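Now for the letters of each chain:
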Amino acid sequence: MMRSARKLAAVFSIAILVLVGCGGESGDNQTNGAAGQPAGAQTDLEGVRAATVRIVAEGTFVDPEVGVQMNAAGSGTGFIIDPSGIAVTNNHVVTGAALLRVHIDGEQQPRNARVLGYSECSDLAVIDIEGDGFPFLAWHDGDASVGLDVYTAGYPLGDPEFTLTRGIVSKARADGDTDWASVDSVIEHDATINPGNSGGPLVTTDGQVVGVNYAGNHDARQYFAINSSEARPLVDRLRGGENVTSIGINGQAVTDGAGLNGIWVAAVASGSPADEAGLEPGDIITHLERLELATDGTMADFCDILRSRSADDVMSVDVVRFASQEVMSGQLGGAALEQKFSFADELGDSVASGAAEYTNYVTISDDSGALSVSVPAEWGDVDGAPFTSEGAEFIDVRASNNLQAFMSGWTTPGVIVTASRDLAGSYDEAAYLERLAEDFHGMCSYGGRFDYSDPLYTGVYDLFEECGGTGALYIIVSVMPEDRSALIGVQIQVNEERDFAALDQVLATFVLS
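Looking now at the overall build of the protein. When helices and strands are counted, the protein shows 10 helices and 32 strands. Just so you have it, the protein exposes about 20300 Å², and 45% of that area is on carbon and sulfur atoms.

In structure tokens form, the structure reads like this:
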């Protein structure tokens, strides 16, 4: 098991923002010319009550605070947009649930429903309720201007009694980045919402849907809804069975405050890219396409990556799995997750135990910003200057707690990451490794050459032992990306056991953009 994973599990303490949800196309109807709404749409607040539903999602979830919740039931809200039973709610209300029970106003028994499509980044989902002939709501066609009277409809706090609160639009365009979504167009209002209101409609006096409630800050009396201008076109796609900006998780950005950030996976939708890659509830997605996630405590980076890719693109993913104390690597749409090779596991007994493990890592980059890597925060002596050698241009970043001591001796750990596009046409990985390693054969015992592979790069590495008679290890890695457009060299010196965890972190995070 990874020593770094054990350490992270021991100190993991998550600060969670408050979700207001579950504790947890428009149809092709003819419109009436007078109101511009689909014929039959509800036109008053009493009609809003009839078209607003309570959704109970049942399943097994893993909560970052309380752990595994077997056969748990969480309650949220939704609203019907078509008499056939098509309804809108939030992704975090329904995705990953085993079954959905929908309570219709005036009915004694709940109805079953199935998820048609979802978007974890926009926090929207569309469900199909069993039956037809339902009352339904229409979207608001105008702008959600500041001062507009609005009403929050729903079933907060799991209460089966319908609730309606009143307010106004206080901000027409608010920040939509939270720890469970990244929404482009958000309305801020003061019509009170509570946990359980998630997925419910924010409506005008005449029952038109201005937005989909999804978040709130009770202390500041600030409440947020996904603007109908964003929700409406997405809902059209979701009801057709398309999943948008999604890998199929019910997730939340988390941090332990000491260097571990990522997307906590509470549940996984069966058959989704996340499911096919082997993601499980309780996993933390730490990197997607080699980018560290949730460093700002939000889903923004995760969602920006998904929005820049097609649904069928292969993406590398790294995961911390606390249940088995593993650090895993794989691909969405490609190779399934498997435990990553760990120098800490393989070679950890070959050096002195030394000081306590590194508990915090930071991302550093070269002066151009194209080459980055995560290193222990203690390695604060950093140089990102480029250089030229034998007519070739190199970008370079190196770090240590004392760069001069690292570069001139064998008692101080450190790292060097170098990249050159100029050499890519004249060297392969093995030849470049020979160039990097030629000076070490006379100063260290040669431990051998081994193949290297990760989701972005392949190549070889050399292991040198007993360097300078000090017991230090020196590892040199030479790799190329799949398109063979550049050569990258990674060199790291290991002086004590904790440096292996730093080596694993370096190899998990170095990237050339």
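Evaluation of the coordinates by the stated rule reveals 20 salt bridges. The salt bridge partner of D128 is R114, with a shortest N-O separation of 3.7 Å. Placement of D128 in strand β8 (residues 124–129) and of R114 in strand β7 (residues 111–119) is noted, with a sequence separation of 14 residues between them. The closest approach of N and O atoms between R232 and D141, which form a salt bridge, is 2.8 Å. With R232 in helix α4 (residues 228–238) and D141 in the loop between β8 and β9 (149–154), this pair connects stretches of sequence that are 91 residues apart. What makes R232 partly exposed here is its relative accessible area of 30%. Overlapping salt bridges bring together R49, D105 and E161 as one network.

For the rest of this paragraph, the subject is the sheet that holds strand β22 (residues 361–365). The strand order across the open sheet formed by 3 strands is β22-β23-β32, and the pairing between neighbours is antiparallel. In the strand order of this sheet, the two ends are held by β22 and β32 (511–512), each with one partner. Pairing geometry for β22 and strand β23 (residues 371–376), over 5 bridges, is antiparallel. The residue bridging Y361 from the neighbouring strand is P376, located in β23. In this fold helix α10 (residues 498–509) packs onto β22, β23 and β32, with an angle of close to 160 degrees to the strand it touches most, β23.

Next up on the list: the packing of aromatic side chains. With the rule as written, the count across this model stands at 13 aromatic pairs. On the basis of an interplanar angle of 85 degrees and a centroid distance of 5.9 Å, the ring pair of Y358 and W379 is categorised as edge-to-face. Of this pair, Y358 sits in the loop between α7 (343–347) and β22 while W379 sits in the loop between β23 and β24 (381–383), placing them 21 residues apart in sequence. Given the relative accessible area of 7%, Y358 is considered buried. A centroid spacing of 5.2 Å and a plane angle of 15 degrees characterise the contact between Y457 and F510, whose relative ring orientation is stacked. Linking Y457 in strand β29 (residues 457–467) with F510 in the loop between α10 and β32, this pair joins segments that are 53 residues apart in sequence. Residue Y457 is classed as buried on the basis of its relative accessible area of 4%. Look at F510 and you get buried, because its relative accessible area is 0%. Three or more aromatic residues joined by ring pairs make a cluster, and in this case those are W410, F440, Y446, F464 and Y474. Above the ring of F510, the side-chain terminus of R290 is found at 4.9 Å from the ring centroid.

Moving on, we get to the sheet that holds strand β13 (residues 209–217). Within a beta sheet, neighbouring strands are joined by backbone hydrogen bonds and run either parallel or antiparallel to one another. Reading around the barrel, the 6 strands line up as β9-β10-β11-β14-β13-β12 and close back on themselves, with antiparallel pairing between neighbours. In this sheet, adjacent strand axes meet at a mean angle of 45 degrees when their direction is disregarded. Pairing geometry for strand β12 (residues 201–203) and β13, over 3 bridges, is antiparallel. Note that in β13 the partner of V203 across the bridge is V209.

Before going further, it helps to spend a moment on the nonpolar core. With 36 residues, the main nonpolar core has V415, I475, I488, V490 and F510 as its most contacted residues. Setting aside its immediate chain neighbours within four residues, I488 contacts V417, T418, A419, Y432, Y457, V477, S478, V479, F510 and L512. Counting 32 residues, the second largest nonpolar core, distinct from the first, contains I81, W139, A181 and V186.

The next thing to look at is the side chain of R290. Take R290: it is sitting in the loop between β17 (283–288) and β18 (291–292). On the basis of relative accessibility, which here comes to 5%, the residue R290 falls in the buried class. Looking at R290, its side chain comes within polar contact range of the main-chain oxygen of L507, at 3.2 Å. Filtering out sequence-adjacent residues up to four positions away, R290 remains in contact with S316, D454, L456, Y457, L507, A508, T509, F510 and V511.

Right, let's talk about the environment of D275 for a bit. Relative to the assigned elements, D275 resides in helix α5 (residues 273–277). Its relative accessible area of 34% is what places D275 among the partly exposed residues. D275 sits 61 residues away from A336 along the chain, and the two C-alpha atoms are 9.5 Å apart. D275 has contacts with V268, A269 and S270, leaving out every residue within four places of it along the chain.

Before going further, it helps to spend a moment on unusual backbone geometry. If you check the backbone angles, D123 has positive phi at about 50 degrees while not being a glycine. Along the chain, the position of D123 falls in the loop between β7 and β8. Phi at E390 takes a positive value of approximately 50 degrees, unusual for a residue other than glycine. Inspection of the secondary structure assignment puts E390 in the loop between β25 (387–389) and β26 (392–400).

Now for helix α6 (residues 300–307). All of the buried residues in α6 are A300, F302, C303, I305 and L306. On the buried face of α6, the contacting elements are β15 (249–255), β16 (261–268), β17, β18 and β19 (315–321).

Enumeration over the complete set of coordinates arrives at 2 disulfides. A sulfur-sulfur distance of 2.2 Å marks the disulfide that ties C121 to C303. Given an S-S torsion of about -100 degrees, the disulfide between C121 and C303 has left-handed geometry. With C121 in the loop between β7 and β8 and C303 in helix α6, this residue pair connects regions lying 182 residues apart in the sequence.

Below, the discussion takes up α4. The set of residues buried in α4 consists of S228, E230, A231, L234, V235 and L238. Each buried residue of α4 lies within a common arc of 150 degrees when the element is viewed along its axis, so the set occupies one face. Buried residues belonging to α4 abut β5 (86–89), β7, β8, β13 and β14 (222–227).

Parameters and conventions
Residues numbered from 1 in each chain as written. Predicted model: local features only at pLDDT ≥ 70, side-chain atom pairs only at ≥ 80, totals over all residues. Heavy atoms only, no water. Helix = DSSP H or I, 4+ residues; strand = E, 2+ residues; numbered from the N terminus. Areas by Shrake-Rupley, 256 points an atom, 1.4 Å probe, with all protein chains shown as cover. Salt bridge = Lys/Arg side-chain N within 4 Å of Asp/Glu carboxyl O. Buried < 20%, exposed > 50% of the residue type's maximum accessible area, 1.4 Å probe, protein only. Pairing = 2+ DSSP bridges. Contact = heavy atoms within 4.5 Å. Axes fitted to C-alpha atoms, helices over the stretch in contact; angles between N-to-C directions. Phe/Tyr/Trp six-rings, centres within 6.5 Å; stacked < 30°, edge-to-face > 60°. Lys NZ or Arg CZ within 6 Å of the ring centre and 35° of its normal. Core = buried A, V, L, I, M, F, W, Y, C linked by side-chain atoms within 4.5 Å. Polar contact = N/O pair within 3.5 Å; in protein donor to acceptor, adjacent residues only side chain to side chain. Disulfide = S-S within 2.5 Å. Arc of directions from axis to C-beta.

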